[in-house]
Amino acid sequence: MTLRDRDVVIVGAGPTGLMLAGELKLAGVDVAVVERRASQEVAGSRASGLHPRTLEVLDQRGLAERFVAQGQKHFAVPFGGVMLDARDRPTRFNYSLGLLQGPIERTLADTDRARWRLPFCHHPPFCAGPQHRNTDRMDRLLPLFAAGGIRAVFSGHEHNFQHSRSGGIDYFVTGAGSKVRKGPPTHFEDAHTLTWADSAHFLLVTIAGDAMTIRVCGELGDTGLTDVTRYTPGGGVESGSITIIR
Ligand SMILES: Cc1cc2nc3c(=O)[nH]c(=O)nc-3n(C[C@H](O)[C@H](O)[C@H](O)COP(=O)(O)OP(=O)(O)OC[C@H]3O[C@@H](n4cnc5c(N)ncnc54)[C@H](O)[C@@H]3O)c2cc1C
């Protein structure tokens, strides 16, 4: 693929270009960034900090803490030759963060740090019933899940447990935390169902590196938590944890 094949080419891998590339990528746009510097070394002095509003925007993407962990908080703000204490600013980022452009760029470009991206939805993209079906408008999200490297999606709405797999992504309905809808689902094929259960449960999800283990926990037994019995669309019985490898 050449640059001409891309939807968007951004010239400049400074903070602006990197942030824009991330936003476009999240929106499913095929984007490339070109930079004339041979390395990420920044010549001379450039940005030396992030202001509260910038941190708030980064926080909307779940990125703020990565920057905060590397920087220095400055609560004093110069104004008309007077230093003001800015601690009462109405934001949880009530300071300017001292951080040079080099680490800012490296952090924005470090895409490998997000090892797992986990969407949580109320309405399940895939649902075999018996009360609710696949959610039509969630179809628009499926390409974004794929572009974002998503491996597992969690939702509720239907009051049972369902595990589906479609397009290399595992989908979990976990809606029987209190109310339970008894009876088998009816649209297994549409929902790509692997297993289901109509027992009260919660999910115990453990992530260790590239492996995610999902345990469907039911009643408290004499020896601790019990695994819910799950059923396949063909009537087979399964229990034990589900493992997803990233
Ligand atoms: C001395 C100084 C101090 C500053 N201090 C601060 C500060 O404290 N806080 C703050 O917020 N801002 C500060 N700024 C402003 C700072 O420059 C910007 O905040 C920040 O660098 C803007 O990032 P950017 O991505 O928009 O641009 P840049 O960091 O300038 O990035 C543009 C990139 O595009 C590349 N490029 C340009 N042309 C081409 C081309 N034709 N082909 C390929 N690549 C190309 C460049 O190599 C560069 O890497 C300061 C600026 C200066 C000069």
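Please read these numbers as outputs of a predicted model, since none were measured by experiment.

> What am I meant to see in the nonpolar core here?
Nonpolar side chains in soluble globular proteins generally cluster together in the buried interior. By size, the foremost hydrophobic cluster in this structure holds 20 residues, and its most contacted members are Val153, Phe161 and Ile169. Among the elements of the structure, β9 (152-155), β11 (169-174), β12 (193-197) and β14 (211-221) are those that each provide at least two residues to this core. With four residues, β11 is the largest single contributor of residues to this core. Among residues more than four places away in sequence, those in contact with Ile169 are Phe145, Ile150, Arg151, Ala152 and Val153. Of all hydrophobic cores here, the second largest spans 11 residues; its members include Ala21, Leu58, Ile104 and Leu108.

> What is the right way to look at the site of the ligand in this model?
Around the ligand, a shell composed of 17 residues is seen, among which Gly12, Gly14, Thr16, Arg36 and Ser48 lie nearest. Of the residues forming the shell around the ligand, the biggest block, three residues, is contributed by helix α1 (residues 15-26). When the residues that make up the shell around the ligand are grouped by side-chain class, the tally is five nonpolar, eight polar and four charged.

> What exactly am I supposed to notice about the packing of α1 against helix α4 (residues 101-109) here?
Two elements in contact, α1 and α4, have axes separated by 9 Å at closest approach and are oriented at 15°. Considering the angle they form, α1 stands roughly parallel to α4. As α1 runs across α4, the sense of the crossing is left-handed. Facing α1, whose interface residues are Pro15, Leu18, Met19 and Gly22, α4 presents Gln101, Ile104, Glu105, Leu108 and Ala109.

Criteria and cut-off values
Residues numbered from 1 in each chain as written. Predicted model: local features only at pLDDT ≥ 70, side-chain atom pairs only at ≥ 80, totals over all residues. Core = buried A, V, L, I, M, F, W, Y, C linked by C-beta atoms within 7 Å. Buried ≥ 20, exposed ≤ 12 C-beta atoms within 10 Å, placed from the backbone. Helix = DSSP H or I, 4+ residues; strand = E, 2+ residues; numbered from the N terminus. Contact = placed C-beta atoms within 7 Å. Near = placed C-beta within 6 Å. Nonpolar A, V, L, I, M, F, W, Y, C, P; charged D, E, K, R; others polar. Axes fitted to C-alpha atoms, helices over the stretch in contact; angles between N-to-C directions. Parallel < 35°, antiparallel > 145°, perpendicular 65-115°, else oblique. Left-handed = near helix turned anticlockwise from the far one by under 90°.

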